[in-house]
Structure formats: structure tokens, C-alpha cells
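# Tertiary structure, described
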Amino acid sequence: MVLNYIWISFFIIAFVIAVIKLVFMGDFDVFPAMMDSTFATSKTAFEISLGLTGVLSLWLGIMKVGEKGGVVNVLARLLSPIFTKLFPDIPKGHPVTGSIFMNIAANMLGLDNAATPLGLKAMEQMQELNPKKDTASNPMIMFLVLNTSGLTLIPVSIMVYRAQMGAAQPTDVFIPILLATFFSTLAGIIVTSLYQRINLINRTILLTLGGACLLVAGVIWSFSQLDGEMMNKVSTTVANILLMTIIVGFIIAGVKKKVNVYDAFIEGAKDGFSTAVRIIPYLVAILVGIGVFRASGAMDILIGGIKWTVDACGMNSDFVGALPTAMMKPLSGSGARGMMVDAMTAFGADSFVGRLSCIFQGSTDTTFYILAVYFGSVGIRRTRHAVVCGLLADLAGVIAAIFIAYLFFG
């Protein structure tokens, strides 16, 4: 329901602004720009779905091999203590916990193409447990918030963009991104737990969160000992080694279980193709709404208003120049990436705005894109508190990113 209101608002606000610009400013280009955007974003939505087909088929095929080889069940048993606390509605030891873990691990390593199909697999398994097929269940919402909060250990793509834009030290945003995304994820877990009345004050949760904090501190310390070039090499190599290890490990597990690995892969890959087709309408809807909102100039007006307000309060408004990236990130990953590159082009890769835009890009994930794709893949129409919790996690990431950027680069 919330997504419905937001989607309608995109068009109404965009139309009103376009009419004002036409009548009072004589801007005859605004409506053609908006219509061009509808066609361009519709095409983009289809191309994204088409591009996902191969990746979805590959990873759902691999997941099917792992499932029949028993790997997913092993992961489910190992994660049962913590997952039974965060996902109390999922039966203990259910295979979906393994899928959730694989998705979160892929996100943490910055392996976006691998994370999406793994996440869709997890959503399908949770839908099997869902008594109301058109309404998001509590486990689905917690899982979605964990995705939208975007916990990332190795933001390889952002460091590559910084290198291409001529940054003197492309990896200087690595630690700030790690810190900001950790706070975003922590906030997402707390907010969702409050909505779902999950008790976080227990030994299992406290030990897990404490261990996560120590792990984050260890990663930060380890990478801080490396120079920029070596950090890029190590992070990229580790990510790819782990990814290939997962693929080979699943295949070996299937062989040990005497599974016909090839047939199992084909069975899972077929599901990948059908899933890619199902998400096309949802992607078209959300991307067209975003495109019209941007083309009308609504985003520019919003940013201008925020800058005026911050200046009027006597606060430092240096961060406002990077806000388009933060505001676009929940709506569109490619749009936010474009905003990030534009900020580095306009202000410089090593400027405060350029660095902050990179931290924004890495601190959270594309909430509405994930909402549309994940819920759309299983036919969920009633999202309940998913949007609110996801956006609050995003807000926590944005606020943390601003403070951390001032701490490191201000």
C-alpha cells in the first residue's frame, strides 16, 4: 500500500511541477523530457530483467545443486541459533536460512550479481511458509531490511569508479563506507525488531552483534595496514576466490551425495528464467516513476530547498551537494551511481562532496528496487512495514555517512 502511494506521488508531483514550469517559466522542454524518460526507463527496466536472466539462471542452478547436495541444510543448522531469534516465524533448521546466509554473504562481499538471485531464492522459500500469499510476512520484511541496509565489507565497484575519476587514493573511502553501512544494518535490525516485537536482549543476539563488531574492527584494522593498490588487489582477489569456492564446493557436495549435478543445475536454471520474466512489470513500474520524477526537475527543487534550510539554520551545508546520491540510492542503483559520478566530476573525486557521495553510495542499498524485485517475484502486494523500516535504515546510513565523512575528511 505504501509503495502504491509513493508511486502515485512520483507522477502527481512531477506533473504539477512540469505544469508550473510550462505556464510560469515558459519551459516547453519539460513535458517532452518526461515522456522521453518514460520510454527510456521502460526500455531500461526490460534490459535489466533481460540481463538478470543469465545471472539468475546460473545462481539458482548452483543453489539447486547445493540444496540437493545438502550444503544449504548444513548452513541452516549452523545459523539456527541466531536466525531463530531474528526470524522466529521460520522453522528451526529450514533450508531458507542457508539461502538467506548466502545472500547476505554475497552482499557483504559486494557481489551484487550473485546476491540478487540468492535473495530471490530465499524469498520463494519464505513464500512457501507464508500463510497470506499477497502480504509480506515478518521474515520477508526482516530479510528485505537486511538487504536494503546494504552491509558491505568490500565495496570494490566504488573504489574502481574513484580510480577511474582520478582519485589520488581510491581506497580512502573504504573504512568510512564500512562504518556507515554497519550502522545502517544495525539500525535496520533494531527498528524491524521493534515493529515485530523481537527481543534483542538475549545472549545469542548480543554475542552475535558483539562478534560482528569485533569482525568489522578486525577487517578495518587488517586493510588499514595495506597500501591502496594492495588493498584493491586483496579485496578483489578474496571476493572472487570465495565466489568460486562456493561454486566448486556446491558441485563437490553434489557429487558426494551422488546427485546428478548437471540435471540439478538445469532444474534450478529454469526457475531463474521464469523469475526474470515475472519481475519485468514491477521493474517497469518503479523505474518509470523514478524517471518522471527526475525529468520534471523535482529532485533539483528538493535539493535546493534542503540547502536553503540548512544555510538558514546556520549549519555547514557542504554535505548538501552529495545529497542527490543519498536521495536517489533508495530509488535506483544506476541513478545513484550516476549521481555519484556526477558529483566527482563536478566537485572532484578527492573533494568532500565527491568522497561523501561515494560513502552514500556504499552505505545503503536500493530500497525500492529491492522491494519491487523481491516482493514482485513472489506476488507480494501488501508490504506492511517493510518500506518504513527500510527507509529508516537508509536514513541511519545517511546520517552516519555525514558524520563519518566530516570525521575523516571534514
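Scroll up a little and you will see the structure.
Okay, so let's go over this structure. (Residues numbered from 1 in each chain as written. Predicted model: local features only at pLDDT ≥ 70, side-chain atom pairs only at ≥ 80, totals over all residues. Heavy atoms only, no water.)

### Things to note about the overall build of the protein
Check the secondary structure of the protein and you find 18 helices and zero strands. For the protein, the C-alpha radius of gyration of 22 Å lies close to 22 Å, the compact-globule estimate for 410 residues. The principal-axis extent of the C-alpha atoms belonging to the protein is close to 70 × 45 × 40 Å. Across the 410 residues that make up the protein, the buried fraction comes to 53%. Within the protein, contacts between residues at least 6 apart in sequence are counted, and of these 78% link residues at least 24 apart. Working note: accessible area of the protein is about 18400 Å², and carbon and sulfur atoms make up 68% of it. In the protein, the 27 positive side-chain charges and the 23 negative ones have mean positions that sit 13 Å from each other. (Helix = DSSP H or I, 4+ residues; strand = E, 2+ residues; numbered from the N terminus. Rg over C-alpha atoms; globule rule 2.2 N^0.38 Å. Buried < 20%, exposed > 50% of the residue type's maximum accessible area, 1.4 Å probe, protein only. Contact = heavy atoms within 4.5 Å. Areas by Shrake-Rupley, 256 points an atom, 1.4 Å probe, with all protein chains shown as cover. Lys, Arg positive; Asp, Glu negative; His and termini not counted. Charge placed at Lys NZ, Arg CZ, Asp CG, Glu CD.)

### A short note on the environment of Gln 127
By the secondary structure assignment, Gln 127 is in helix 5 (residues 112-129). Taking the C-alpha atoms as reference points, Gln 127 and Pro 139, separated by twelve residues in sequence, lie 9.7 Å from one another. When near neighbours in sequence (up to four residues on either side) are disregarded, Gln 127 contacts Lys 133, Met 140, Val 378 and Ile 380.

### A short note on the pattern of salt bridges
Across all of its chains, the model carries eight salt bridges by this definition. For the salt bridge of Lys 307 with Asp 311, the shortest nitrogen-to-oxygen distance reads 3.1 Å. Placement of the pair is Lys 307 and Asp 311 together in helix 13 (residues 298-312), with a separation of four residues, close to one helical turn. Residue Lys 307 is classed as partly exposed on the basis of its relative accessible area of 39%. (Salt bridge = Lys/Arg side-chain N within 4 Å of Asp/Glu carboxyl O.)

### Some remarks on the side chain of Gln 125
You can see Gln 125 is positioned in helix 5. If we skip the residues at most four places from it in the chain, Gln 125 touches Glu 67, Pro 95, Val 96 and Ser 99.

### Thoughts on the nonpolar core
Counting residues in hydrophobic clusters, the biggest one holds 55 residues, and the most contacted among them are Leu 86, Phe 87, Ile 100, Met 123, Met 126, Phe 143 and Phe 375. No other element matches helix 17 (residues 367-377), which puts eight residues into this core. Ranked by size, the runner-up nonpolar core spans 29 residues in total, among them Ile 303, Met 340, Val 398 and Ile 404. (Core = buried A, V, L, I, M, F, W, Y, C linked by side-chain atoms within 4.5 Å.)

### Thoughts on the packing of aromatic side chains
For the structure on display, the rule yields seven aromatic pairs. Pairing Phe 10 with Phe 293 gives two aromatic rings, centres 5.4 Å apart and planes at 55 degrees, and the pair type is tilted. On the criterion of sequence distance, the pair formed by Phe 10 in helix 1 (residues 2-25) and Phe 293 in helix 12 (residues 280-295) is long-range, its members being 283 residues apart. Residue Phe 10 shares its accessibility class with Phe 293, and that shared class is buried. Relative to Tyr 374, the ring of Phe 143 lies with its centre 6.0 Å away and its plane at 15 degrees, an arrangement referred to as stacked. Taken together, the residues Phe 143 in helix 6 (residues 138-148) and Tyr 374 in helix 17 connect sequence positions 231 residues apart. Pair check on accessibility: Phe 143 and Tyr 374 agree, each one buried. (Phe/Tyr/Trp six-rings, centres within 6.5 Å; stacked < 30°, edge-to-face > 60°.)

### A short note on the environment of Leu 395
Topologically, Leu 395 is positioned in helix 18 (residues 386-409). Looking at Leu 395, the relative accessible area reads 45%, which means it is partly exposed. Along the chain, Leu 395 and Ala 253 lie 142 residues apart, while their C-alpha atoms are 41 Å from each other.

Just distances and angles here, no functional claims.
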